[in-house]
Amino acid sequence: MRYVALLRGINLGPSRRIPMPRLREVLTDRGYGSVRTLIASGNVVLDSEVAEDELRRDLVTAIEEEFGLDVPVVVRSGEELTAVLAEDPFGDVATDTSRYSVTFLPTVPDADRVAVLPPAEGGSYAVRGRELYLWLPDGMGVSAMAKWPWDRLLGVAGTNRNWNTVTKLAELAR
């Protein structure tokens, strides 16, 4: 099975650094096949025979053992990533794919939390299953919604990737 693993909060500054070449070596040594990374923000494509949750736990353990970091990991199968692209709730309005993103959540947020999310400000959002789609036409650095405490609002912490990265990861996962 081909999987995409998304590491949260690494390589964003001088701390929490994980070199992608070493990560590929570590994961290959653990028996994963065709290990590839995309950019340095923690995107890994690999082949594994284990189930998603077992894979996630093993990746967290491998990163802790090798790099001494407690890094949340979200996993999707290649097929699931293709479905994320197919869902595309803002494809008809998102004119700049670098300002269109998906937050990958480890679990489906509680429906009651989703039902009471505030109205969109300066863009659009949609929660679909384990994904939060964000269209922020003014950009992540300016948009009010980018600063919303999504983890607290949804009750689950995720990791965000822009549409261009999601598209490239889906291509690698095919």
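First, a word on scope: everything that follows refers to the structure included in this document.

Criteria and thresholds
Residues numbered from 1 in each chain as written. Predicted model: local features only at pLDDT ≥ 70, side-chain atom pairs only at ≥ 80, totals over all residues. Heavy atoms only, no water. Helix = DSSP H or I, 4+ residues; strand = E, 2+ residues; numbered from the N terminus. Contact = heavy atoms within 4.5 Å. Areas by Shrake-Rupley, 256 points an atom, 1.4 Å probe, with all protein chains shown as cover. Pairing = 2+ DSSP bridges. Axes fitted to C-alpha atoms, helices over the stretch in contact; angles between N-to-C directions. Salt bridge = Lys/Arg side-chain N within 4 Å of Asp/Glu carboxyl O. 1 Å grid on protein atoms, 1.4 Å probe; cavity = no way out; pocket = protein on both sides within 12 Å on 5 of 7 lines; lining within 4 Å. Points joined across faces, edges and corners; volume = space filled by probe spheres on them. Nonpolar A, V, L, I, M, F, W, Y, C, P; charged D, E, K, R; others polar. Parallel < 35°, antiparallel > 145°, perpendicular 65-115°, else oblique. Left-handed = near helix turned anticlockwise from the far one by under 90°.

## Thoughts on the overall build of the protein
Phase 1: Per the secondary structure count, the protein includes 6 helices and 8 strands.
Phase 2: Traced from its N-terminal end to its C-terminal end, the protein shows the element sequence β-α-β-β-α-β-α-β-α-β-β-α-β-α.
Phase 3: Taking the principal axes of its C-alpha atoms as reference, the protein extends roughly 45 × 30 × 30 Å.
Phase 4: Long-range pairs, those at least 24 residues apart, make up 68% of the contacts in the protein with a sequence separation of at least 6.
Phase 5: Of the roughly 8500 Å² of accessible surface on the protein, a fraction of 51% belongs to carbon and sulfur atoms.

## Some points on the sheet that holds strand S5 (residues 100–104)
Phase 1: Pairing within the open sheet is antiparallel, and its 4 strands lie in the order S6-S7-S5-S8. Because the sheet does not close on itself, it has two edges, and the strands there are strand S6 (124–128) and strand S8 (159–162). Strand-to-strand twist across the sheet, computed as the mean angle between neighbouring axes with direction ignored, equals 20°.
Phase 2: In terms of strand pairing, S6 meets strand S7 (residues 131–135) through 5 bridges, oriented antiparallel. Of the residues in S7, the one forming a bridge with alanine 126 is tyrosine 133.

## Here we look at the pattern of salt bridges
Phase 1: Enumeration over the complete set of coordinates arrives at 13 salt bridges.
Phase 2: In this structure, glutamate 52 engages arginine 130 in a salt bridge whose closest nitrogen and oxygen atoms are separated by 2.8 Å. Placement of the pair is glutamate 52 in helix H2 (residues 52–67) and arginine 130 in the loop between S6 and S7, with a sequence separation of 78 residues.
Phase 3: Taken together, the shared-partner salt bridges in this structure form one network comprising Arg22, Glu25 and Glu66.

## Overview of the environment of aspartate 110
Phase 1: Looking at the secondary structure, you find aspartate 110 in the loop between S5 and helix H4 (111–115).
Phase 2: Between the C-alpha atoms of aspartate 110 and leucine 172, which are 62 residues apart in sequence, the distance is 31 Å.

## Notes on empty space enclosed by the protein
Phase 1: All chains considered together, the criterion is met by 1 cavity of 30 Å³ or more.
Phase 2: When its volume is computed, the largest cavity comes out at roughly 40 Å³.
Phase 3: Lining the largest cavity are Ala5, Leu7, Leu23, Leu27, Val44, Leu46, Leu59 and Ile63.
Phase 4: Sorting the residues of the lining of the largest cavity by element identifies strand S1 (2–7), helix H1 (20–29), strand S3 (43–47) and H2 as the ones contributing at least two each.
Phase 5: Across the lining of the largest cavity, the residue classes break down as 8 nonpolar, no polar and no charged.

## Notes on the packing of helix H3 (residues 78–87) against helix H6 (residues 163–173)
Phase 1: Viewed as axis vectors pointing N to C, H3 and H6 meet at an angle of 140°, and their least axial separation amounts to 9 Å. One element, H3, and the other, H6, form an angle in the oblique class. Crossing geometry of H3 relative to H6 is assigned as left-handed. Along the contact surface, H3 presents Gly78, Leu81, Val84 and Leu85, while H6 presents Trp163, Val166, Thr167, Leu169, Ala170 and Ala173.

## Here we look at the layout of surface pockets
Phase 1: Considering only enclosed or pocket space, the largest pocket measures out at about 470 Å³ in volume.
Phase 2: In terms of lining residues, the largest pocket is bounded by 25 residues, among which Arg8, Thr103, Gly158, Thr159 and Asn160 are the most central.
Phase 3: Of the residues forming the lining of the largest pocket, the biggest block, 4 residues, is contributed by S8.
Phase 4: Taken together, the residues that form the lining of the largest pocket break down as 14 nonpolar, 8 polar and 3 charged.

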